[in-house]
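Okay, here's what each chain looks like letter by letter:
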Amino acid sequence: KEKKKKERKRDFFFKDTATTEIYTLSLHDALPIWQHPKEYIQFLYHALGSCGEFETQVIIAKDLEYIDNKMEENLLEKINHIIRMLRNLVKGLRR
């Protein structure tokens, strides 16, 4: 019984953390335009950090067998695509 209780706690923690990362990424799109490009670049770096955190959550989800190899590969591919887009946007703004 104690083992199941710990598993439920672990499951809740994982789902809560992953949901928070997804929410954070989507929240970045809803925020207003910044007055200065430096502020926007800083914001993009925060978005990159959120991508990295979500990437870690996907790897943990695979290790805990919440998702299969195909789902992990698909999610990591999408995350890496978003990371490339954010980095290119930062490069463009720094010129």
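Let us look at the structure shown here.

Criteria and cut-off values
- Starting from 1, residues in each chain are numbered consecutively following that chain's sequence as written.
- It should be noted that, the model being predicted, local features are given only for residues of pLDDT at least 70 and side-chain atom pairs only at 80 or more, the latter also being counted only at that level, while totals for whole chains, interfaces and linings use all residues.
- Where side-chain values are given, they derive from all heavy atoms of the structure, hydrogens and water being excluded.
- Starting at the N terminus, helices and strands are each numbered in turn, a helix being any DSSP run of H or I of at least four residues and a strand any DSSP run of E of at least two.
- Note on contacts: a residue pair is in contact if any heavy atoms of the two residues lie within 4.5 Å.
- Each accessible area value is a Shrake-Rupley result obtained with a 1.4 Å probe; residue values ignore everything except the protein chains displayed when judging cover.
- Two rings from Phe, Tyr or Trp (for Trp, the six-membered ring) form a pair when their centres sit within 6.5 Å of each other. Planes less than 30 degrees apart are called stacked, planes more than 60 degrees apart edge-to-face, and all others tilted.
- With a 1.4 Å probe rolled over the protein chains alone, any residue whose accessible area is under 20% of its type maximum counts as buried; one over 50% counts as exposed, and the rest are partly exposed.
- Residues belong to one nonpolar core when they are buried, are Ala, Val, Leu, Ile, Met, Phe, Trp, Tyr or Cys, and are joined through side-chain atoms within 4.5 Å.
- Expected helix span is given by 1.5 Å per residue-to-residue step, counting one fewer step than there are residues.
- When charges are counted, neither His nor the chain ends are considered; positive counts come from Lys and Arg and negative counts from Asp and Glu.
- Any Lys or Arg side-chain nitrogen located within 4 Å of an Asp or Glu carboxyl oxygen qualifies as a salt bridge.

Observations concerning the overall build of the protein
In terms of helices and strands, the protein carries three helices and zero strands. The order of helices and strands in the protein, counted from the N terminus, is α-α-α. For the protein, contacts bridging at least 24 residues in sequence account for 66% of all contacts bridging at least 6. For the protein, the exposed area adds up to about 7700 Å²; of that, 56% sits on carbon and sulfur atoms.

Remarks on the packing of aromatic side chains
Given two aromatic rings, their pairing is described by the distance between the two centres and the angle made by the two planes. With the rule as written, the count across this model stands at one aromatic pair. Seen from their ring centres, Tyr40 and Phe43 are 6.0 Å apart, and the 20° between their planes marks the pair as stacked. You can see Tyr40 and its partner Phe43 sitting in helix H2 (residues 37-63), three residues apart, about one turn around the helix. Residue Phe43 is classed as buried on the basis of its relative accessible area of 10%.

Some words on unusual backbone geometry
Phi is positive for Glu65, which is not a glycine, with a value near 65°. Position of Glu65 relative to the elements: it lies in the loop between H2 and helix H3 (69-94).

Quick look at the nonpolar core
If you look at the biggest cluster of nonpolar residues, it comprises 13 residues, and the most contacted ones within it are Leu44, Cys51, Val58, Ile79, Ile83 and Leu86. Elements with a contribution of two residues or more to this core: H2 and H3. Not counting the four nearest positions on each side in its chain, Ile83 is found in contact with Leu48 and Cys51.

Topic: H2
Taking 1.5 Å of rise per residue, the 27 residues of H2 would be expected to cover 39 Å, and the 39 Å separating its terminal C-alpha atoms lies within 8% of that figure. Of the residues making up H2, those classed as buried are Ile41, Phe43, Leu44, Ala47, Leu48, Ser50, Cys51, Phe54, Gln57, Val58 and Ala61. Just past H2, the residue Glu65 takes up positive phi, approximately 65°.

Quick look at the side chain of Glu72
Structurally, the position occupied by Glu72 is in helix H3. It is Lys62 that comes nearest to the buried, bridge-free Glu72 among opposite-charge side chains, at 5.2 Å. The residues contacting Glu72, other than those within four sequence positions of it, are Val58, Ile59, Lys62 and Ile67.

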